[in-house]
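Examination of the molecular architecture
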Amino acid sequence: MFVELDPSLLVILIVFGFLASFIDSVVGGGGLISLPALLFTGLSPASAVATNKLVGTMGSLTSTYMFYRSGKLDLKSIYKLFPLVFIGSILGAWAVHLMNPEVLKPLMLVMLAAVAVYTVFKKDWGSVSTYKKLTNRGFIIFIVVIFAIGFYDGFLLGPGTGSFLIFAFLMIGFDFIKAAGNAKFLNFGSNIAALLMFMYLGEVNYVYGLPMALAGIAGAILGSKFAIKRGSGYVRALFIGVTFLLLTKNLYDLIAVHFHR
């Protein structure tokens, strides 16, 4: 899907691609910035979502590399989880054809609210790593949760995926920095699964997506460096802020849809 690119739109795509990936590289939620920008260009909602997945995939890949290079991501410990989010995301995207994703949005809002409130009141949570090897039962529960988040990313196209992944790693004792690094690696898995599906369907607009993705790479590099340098306190504050923004935005969308019926 190729169209001519106006120079003023190119500036918009570059600026918003950079800002979105800067935020997304640490705690997710970059779609709050990049998706409206793509819709502003006149793309259809389906094409905007598909193109946004290209931006998200490149950003999450870049930030994964940055966290790995800094020693804040232990691939040996979590690489086995990658197929779970990848397959989960594909199945979630496929399930969209079987049922309306709107039915799960109220549940997603409740979960986002719980994540935000829990994190606010657990003030020292995630400041230091307390991770210990999981019991067999704990490990089974954890992999089910990771698979479900991957499914959610494909099914609802990802609002809050980064927050949920970070929360999952915090729950088993990781600090915010390592939770963020692990989350970006798995978010890359769910992103690229959805992107491959959209590429197959021919929905990705490469003329808009590639400049935005390239700007996103720069944003992801700087955002990751900033988070790693500032530490867990900075990531925690950003995590809470973005989670509340996601909650507010999706609550507004739900109310708007209700009143337009």
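Refer to the structure presented above.
Predicted model only: the values in this text are computed from it and were never measured.

**Considerations on the pattern of salt bridges**
All told, the structure shown has two salt bridges when counted by the stated rule. The partner of Asp24 in a salt bridge is Lys184, with the nearest N and O atoms 3.2 Å apart. With Asp24 in helix α1 (residues 7-27) and Lys184 in helix α9 (residues 176-201), the pair connects residues that are 160 residues apart, well separated along the chain. The pair Asp24 / Lys184 is uniform in exposure class, with both members buried. Here Lys53 makes a salt bridge to Asp153, at a shortest N to O gap of 3.1 Å. Of the two residues, Lys53 sits in helix α3 (residues 45-69) while Asp153 sits in helix α7 (residues 136-155), which places them 100 residues apart along the sequence.

**Structural notes on helix α10 (residues 206-230)**
The first and last C-alpha atoms of α10 sit 34 Å apart over 25 residues, in line with the 36 Å expected at 1.5 Å per residue. The distance from a side-chain oxygen at the start of α10 to the backbone nitrogen of Val207 is 3.2 Å, and the residue carrying that oxygen is Asn205. Positive phi appears at Gly231, one or two residues downstream of α10, with a value of about 95°.

**Let's talk about the layout of surface pockets**
Its volume calculated, the second largest pocket comes out at about 440 Å³. What lines the second largest pocket is a set of 20 residues, among which Met111, Val145, Ala148, Ile149 and Phe164 lie closest to the centre. Mapped onto the lining of the second largest pocket, the elements with two or more residues apiece are α6 (105-121), α7 and α8 (161-171). Take the lining of the second largest pocket: its biggest share by element is eight residues, from α7. Broken down by class, the residue content of the lining of the second largest pocket amounts to 19 nonpolar, one polar and no charged.

Calculation notes
Residues numbered from 1 in each chain as written. Predicted model: local features only at pLDDT ≥ 70, side-chain atom pairs only at ≥ 80, totals over all residues. Heavy atoms only, no water. Salt bridge = Lys/Arg side-chain N within 4 Å of Asp/Glu carboxyl O. Helix = DSSP H or I, 4+ residues; strand = E, 2+ residues; numbered from the N terminus. Buried < 20%, exposed > 50% of the residue type's maximum accessible area, 1.4 Å probe, protein only. Expected span 1.5 Å × (residues − 1). Polar contact = N/O pair within 3.5 Å; in protein donor to acceptor, adjacent residues only side chain to side chain. 1 Å grid on protein atoms, 1.4 Å probe; cavity = no way out; pocket = protein on both sides within 12 Å on 5 of 7 lines; lining within 4 Å. Points joined across faces, edges and corners; volume = space filled by probe spheres on them. Nonpolar A, V, L, I, M, F, W, Y, C, P; charged D, E, K, R; others polar.

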